[in-house]
Amino acid sequence: MSETDLAVIKPEMMKPYVWLQTSDDSIQQVEQEIAMFCPLICQEIIQKGMGSSKNCAICLPQQVSPAMLSLILDYCRFHQVPGRSNKERKSYDEKFVRIDTERLCELTSAADSLQLKPLVDLTSRALARIIEGKTPEEIRDIFHLPDDLTEEEKLEPLRNITADPRIRLLNRLYAKKRKELKERERLKNVEVEEEHVDDRSVDDLLSFINGNDGDPKGVKTSKNKKKNRRKKEQQKNSSLKEASELNKKEVNGHDIRHQSSEAEIISETSYLHYAEDDAFTSKPEFDDGDIDDEIDPALKEKIDREVEDFARRLNSDWPERMQELLSSGQERKTVLFTADGFIRRHA
Amino acid sequence: MVDVMGPDLISDLPQSIIESILVQLPIRDAVRTSILSSKWRYKWASITQLVFDDKCVPPFSNDREVVERSVVKFITRALFLHQGPIHKFQISNSMLQSCPEIDQWILFLSRNDIKVLVMELGEGEFFRIPSSLFNCRKLTRLELSRCELDPPHSFKGFVCLRSLNLHQVLISPDAVESLISRCPLLESLSLSYFDNLALTISAPNLKYLYLEGEFKDICLEDTPLLVEISIAMYMTDDIAEHFEQSSNCNFLKFLGGVPNLEKLVGLIYFTKYLSIGIDSVHLPIMYHNLETIELYQVNFEDTKEILVILRMITSSPNLKELHISGSSNIPIAADAPDLDFWEKGCLSDSALNKLKTVKLSEMGGWPHEIEFIKYLLCRSPVLETLSIIPCVFDMGNNLKMLIELVKCRRASSRGEVIFIHE
């Protein structure tokens with residue numbers, strides 16, 4: 001080869017490299033066109049001009065260990081070649097995610113930090129496949145999840161169990177117990193929450209109810225009672241739903257004058273409003289795991305009894321509901337508001 | 001409780017990854033993650049996509065209504081426990097038919113920034129879509145199956161809608177047209193199983209069009225960006241009559257305004273529809289991007305339909321792939337076919353310089369079919385494969401066809417003529 005030939009070949013052989021620093025502070029050199037496949041690296045190079053030398057190596061997020069970087073670069077190296085068929089890519093992807101679960105999770109995290117979306121989708125699909133169809137014990141085993149939910153929390157009927165009255169009863173009893181447990185924890189907590197609404201006596205509640213006359217729709221009412229309902233909602237999603245179901249049954253079976261489909265829809269809508277209002281306002285609450293009434297247990301018992309009386313008077317037409325009332329305290333409160341909705345419409 | 005097992009691998013991943021995982025699980029499994037651990041209790045409740053298919057409630061009973069109640073309860077509970085925006089909501093459950101709860105779900109979704117709504121209910125009474133659907137301002141994709149749609153007069157359109165798919169939907173023709181024209185960003189439109197519809201489509205951003213049903217008339221009034229068209233036109237007596245009496249040039253009306261077309265697929269009576277009025281007009285438009293043409297159920301006895309094919313081919317200088325399917329009849333020795341048609345100078349001599357693949361199926365051995373094959377072979381210098389699939393495995397007829405084919409002159413030295421006889 002003549003000198004001129006060499007001069008021509010040489011620049012082509014010298015591919016640009018970038019310097020990357022991984023979580024263990026070690027720095028390595030990587031072909032630029034492969035590294036550029038990762039949006040984060042691309043951004044660092046283009047916008048900030050980093051990575052051209054060892055001194056200004058691009059500092060990768062801490063989720064990217066050298067091992068993970070090596071895997072990710074393998075992935076990029078394969079996929080950045082344009083000529084590959086879809087079939088080839090798919091088959092490479094299938095093989096690529098056949099790694100142990102721990103590394104798969106690490107890889108997902110690393111890919112996410114580098115904003116490499118196709119790899120994140122691939123790994124999360126693989127993780128979904130691992131989770132799919134397995135029992136909770138198996139899943140906890142695989143991912144080392146702590147089994148720290150109490151039994152009654154697990155029993156919350158999020159799944160579609162055909163309504164088993166024993167489970168519902170159990171739920172209510174456990175919910176009560178759970179509240180008591182939380183109560184004890186609460187006693188250590190000095191912070192005063194803004195909602196002490198349930199300190200009111202039944203009379204107060206009644207006047208509150210009656211005072212809100214003039215609202216044609218149950219919807220508005222629900223907004224006013226947002227705070228109250230919020231508590232109930234948080235703890236008794238399930239029982240509310242049961243109440244709504246009971247409601248429906250009663251409504252359908254009962255020959256009430258003003259019972260139009262609209263009223264039914266409104267009652268349903270008001271429940272939806274519960275869900276929404278609570279959903280939006282209670283989000284932070286959920287994250288804290290701090291969902292409670294913080295009512296003094298003794299006062300609660302008093303309220304329970306009074307509410308029961310009231311409800312019994314109200315619900316004398318509905319024997320089935322009575323059964324429910326007599327067997328739990330929390331459920332009654334829920335029913336009270338429900339019943340109220342009905343009073344309103346038929347006032 | 002983090003003891004001998006090792007550290008928790010997954011619960012502390014960012015919510016976007018958890019969402020990505022949960023969304024790829026069937027909804028039942030996703031909801032069940034709530035009992036895994038305290039951190040997982042409500043992770044599922046903020047996923048932005050809810051898909052309820054036939055598996056979400058396993059059919060535990062033969063009575064559809066009982067299973068339907070179960071499905072309704074499940075969906076209602078899921079919505080109730082869910083918190084945060086819902087971007088995609090899909091019901092593809094055959095047990096679920098028209099029931100009042102669906103109204104409430106749609107109302108709920110309309111308040112939760114719904115972007116993609118897919119409703120494929122079971123066979124049965126059509127569900128009447130409530131007016132709250134038309135308040136979903138952020139809708140980008142709407143897919144409805146077996147529903148009744150009645151937009152209110154005040155409806156100004158879905159400003160963000162990009163994809164509309166209506167399958168077996170009861171809606172008045174005016175409503176369909178105005179719905180289409182009021183969605184300025186519409187890119188993909190699919191209408192199937194409509195009856196007796198005369199449609200004028202005005203959608204400046206439309207790229208993909210898929211129509212299937214009994215269409216009397218289709219006019220693409222304002223669709224300059226169309227890239228892919230697939231039409232299947234069924235025939236009824238009404239429509240046949242309409243075809244007889246029509247004096248328009250359908251070719252021009254339909255394909256006159258789609259210069260960016262890349263792929264055209266026509267089924268059943270589409271070619272017949274295009275053939276009406278074709279010999280009256282010379283088509284000036286060239287389709288420089290058109291690379292694939294597929295026309296099925298072409299009647300090779302009708303020279304006008306053949307003219308449609310020829311016009312399309314000669315107006316597409318970059319055509320790469322051609323699939324033509326005949327109409328499955330063995331020729332009965334009737335009157336002598338008008339072979340002069342092929343001699344007439346109305347066919348240009350232009351070569352099909354990019355045509356690589358040709359597939360001809362349901363070939364009955366009509367004289368016109370043979371002439372067409374000859375025409376293609378003479379004018380395709382880069383042809384690689386020409387496959388022929390006869391419609392009947394009658395050895396006598398096929399032999400006749402093969403004899404004729406062997407005589408054909410070929411412009412392409414590399415071209416293979418493959419006769420598939422299995």
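Residues numbered from 1 in each chain as written. Chains lettered and ligands numbered in written order. Predicted model: local features only at pLDDT ≥ 70, side-chain atom pairs only at ≥ 80, totals over all residues. Heavy atoms only, no water.

**Things to note about a nonpolar patch on the surface**
Next, step 1: On the surface, a cluster of nonpolar side chains totalling about 260 Å² of accessible area is made up of Leu 399, Leu 402 and Ile 403 of chain B.
Next, step 2: Take Ile 403 of chain B: it is sitting in helix H12 (residues 395-407). (Patch = residues over 30% accessible without salt bridge, like charges linked within 9 Å, V, L, I, M, F, W, Y side chains within 5 Å. Areas by Shrake-Rupley, 256 points an atom, 1.4 Å probe, with all protein chains shown as cover. Salt bridge = Lys/Arg side-chain N within 4 Å of Asp/Glu carboxyl O. Helix = DSSP H or I, 4+ residues; strand = E, 2+ residues; numbered from the N terminus.)

**As for the packing of helix H7 (residues 117-131) of chain A against helix H8 (residues 136-143) of chain A**
Packed helices, taken two at a time, are described by their axes: the angle between them and the distance between them.
Residue and element names in this part refer to chain A.
Next, step 1: Here H7 crosses H8 at 135°, and the two axes come no closer than 10 Å. Considered as vectors, H7 and H8 are oriented oblique to each other. Between H7 and H8, the residues in contact are Leu 127, Ile 130 and Ile 131 and Ile 139, Ile 142 and Phe 143, respectively.
Next, step 2: In terms of residue class, the contact of H7 with H8 is made up of six nonpolar, no polar and no charged. (Axes fitted to C-alpha atoms, helices over the stretch in contact; angles between N-to-C directions. Parallel < 35°, antiparallel > 145°, perpendicular 65-115°, else oblique. Contact = heavy atoms within 4.5 Å. Nonpolar A, V, L, I, M, F, W, Y, C, P; charged D, E, K, R; others polar.)

**Quick word on the state of the cysteines**
Next, step 1: Tallied over the full model, the rule gives zero disulfides over all chains.
Next, step 2: The cysteine Cys 183 of chain B is free of any disulfide, with Cys 160 of chain B supplying the nearest cysteine sulfur at 9.8 Å. (Disulfide = S-S within 2.5 Å.)

**Focus on the pattern of salt bridges**
Residues and elements named next belong to chain B.
Next, step 1: Summed over all chains, the structure comprises 22 salt bridges over all chains.
Next, step 2: Here Arg 146 and Glu 123 are joined by a salt bridge, their closest N and O atoms 3.3 Å apart. Here the residue Arg 146 occupies a position in strand E5 (residues 141-148), and Glu 123 occupies one in the loop between strand E3 (116-120) and strand E4 (127-128), the gap between them amounting to 23 residues.
Next, step 3: Residue class for Arg 146 comes out buried when judged on its relative accessible area of 15%.
Next, step 4: In this structure, the salt-bridge partner of Lys 374 is Glu 371, at a minimum N-O distance of 3.6 Å. Of this pair, Lys 374 and Glu 371 both sit in helix H11 (residues 367-379), three residues apart, which is roughly one turn of the helix.
Next, step 5: Each of Glu 371, Lys 374, Glu 404 and Lys 407 takes part in a single network of salt bridges with overlapping partners. (Buried < 20%, exposed > 50% of the residue type's maximum accessible area, 1.4 Å probe, protein only.)

**Here's the deal with the sheet that holds strand E1 (residues 17-21) of chain A**
Residue and element names in this part refer to chain A.
Next, step 1: Ordered by their spatial adjacency, three strands build an open sheet running E2-E1-E3, and the pairing between neighbours is mixed. Each edge of the open sheet is held by one strand with a lone partner, namely strand E2 (27-31) and strand E3 (58-59).
Next, step 2: Where E1 and E2 come together, five bridges link them in antiparallel fashion. In the strand pairing of E2, Gln 21 is matched with Ile 27. (Pairing = 2+ DSSP bridges.)

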